[in-house]
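# Structural overview
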Amino acid sequence: MNVTLVEINIKPERVDEFLEVFRANHEGAIKEPGNLRFDVLQDPRVKTRFFIYEAYKDDEAVLAHKKTPHYLACVDKLEELMSEPRKKRSFVGLLPE
């Protein structure tokens, strides 16, 4: 399992727009055959900080996700909404198998 944790910090005045943009990516991602999980989380202390927890069956599924229209549209719109560059960490998911 391939897991990515992405931190996204959004300009305060653009949070609602971010949620609209990311909802489309979320809804598309959870329908992908290799997707196991795609959670959008908000930091309760910093309302402009979001974490995306993505779990895919394997590297091929991740690569397929990055070619989808919903991912490409999201990344294109995200740049203007962020207050700083995204931070990504990749993990190997061990459990559940």
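Anything mentioned here points back to the structure above.
The numbering scheme is per chain: residues are counted from 1 as the chain's sequence reads. Residue-level local features of this predicted model are given only where pLDDT is at least 70; pairs of side-chain atoms are given and counted only at 80 or more, and the full residue set underlies all totals for whole chains, interfaces and linings. Side-chain calculation: all heavy atoms of the structure are included, whereas hydrogens and water are not.

## Here's the deal with the overall build of the chain
The helix count covers DSSP runs of H or I at least four residues long, the strand count covers runs of E at least two residues long, and both are numbered beginning at the N terminus. Across its full length, the chain holds three helices and four strands. Starting at the N terminus and ending at the C terminus, the chain contains elements arranged as β-α-β-β-α-α-β. Here the C-alpha radius of gyration of the chain, 13 Å, is about what a compact globule of 97 residues would show, namely 13 Å. Dimensions of the chain, computed from C-alpha atoms along their principal axes, come out at roughly 40 × 30 × 20 Å. Exposure classes here rest on a 1.4 Å probe applied to the protein chains alone. A residue is buried below 20% of its type maximum, exposed above 50%, and partly exposed in between. For the chain, the proportion of its 97 residues judged to be buried stands at 38%. Look at the contacts in the chain between residues 6 or more apart in sequence, and 69% of them connect residues 24 or more apart. Method for areas: the Shrake-Rupley scheme with a 1.4 Å probe, in which residue coverage is limited to the protein chains shown. For the chain, the accessible area works out to roughly 6300 Å², and carbon and sulfur atoms hold 55% of it. Each radius of gyration is computed over the set of C-alpha atoms, and the globule rule expresses the reference value as 2.2 Å times the number of residues to the power 0.38. Any two residues whose heavy atoms approach within 4.5 Å at even a single point are treated as in contact.

## So, the layout of surface pockets
Only protein atoms enter the 1 Å grid used here, on which a cavity is any set of points holding a 1.4 Å probe that cannot leave and a pocket is any open set flanked by protein within 12 Å on both sides along at least five of seven lines; residues with an atom within 4 Å of a point are listed as lining. Grid points are joined across faces, edges and corners, and a volume is the space filled by probe spheres set on the points. In this structure, the largest pocket encloses a volume near 200 Å³. What lines the largest pocket is a set of 18 residues, and nearest its centre among them are Thr4, Val6, Glu54, Lys66 and Lys88. Breaking the lining of the largest pocket down by element, the ones donating at least two residues are strand E1 (2-9), helix H1 (15-29), strand E3 (49-56), helix H3 (69-81) and strand E4 (87-92). A class-by-class count of the residues in the lining of the largest pocket yields ten nonpolar, four polar and four charged. Only Asp, Glu, Lys and Arg are considered charged, only Ala, Val, Leu, Ile, Met, Phe, Trp, Tyr, Cys and Pro nonpolar, and every remaining residue, Gly among them, polar.

## Brief notes about the nonpolar core
A general trend in soluble globular proteins is that nonpolar side chains are found buried together. For this analysis, a nonpolar core means a set of buried residues of the types Ala, Val, Leu, Ile, Met, Phe, Trp, Tyr and Cys, connected via side-chain atoms within 4.5 Å. Of all hydrophobic cores here, the largest spans 18 residues; its most connected members are Ile8, Ile10, Phe18 and Phe22. Of all the secondary structure elements, the ones that give two or more residues to this core are E1, H1, E3, helix H2 (59-65) and H3. Sorting elements by how many residues they give to this core places H1 first, with five residues. Phe18 has contacts with Ile8, Ile10, Phe50, Leu78 and Leu81, leaving out every residue within four places of it along the chain.

## Some points on the environment of Arg37
With respect to the secondary-structure elements, Arg37 resides in strand E2 (residues 35-42). For Arg37, a relative accessible area of 44% corresponds to the partly exposed category. Taking the C-alpha atoms as reference points, Arg37 and Gly93, separated by 56 residues in sequence, lie 12 Å from one another. Once residues lying within four places of it in the same chain are set aside, the contact partners of Arg37 are Tyr53, Glu54 and Ala55.

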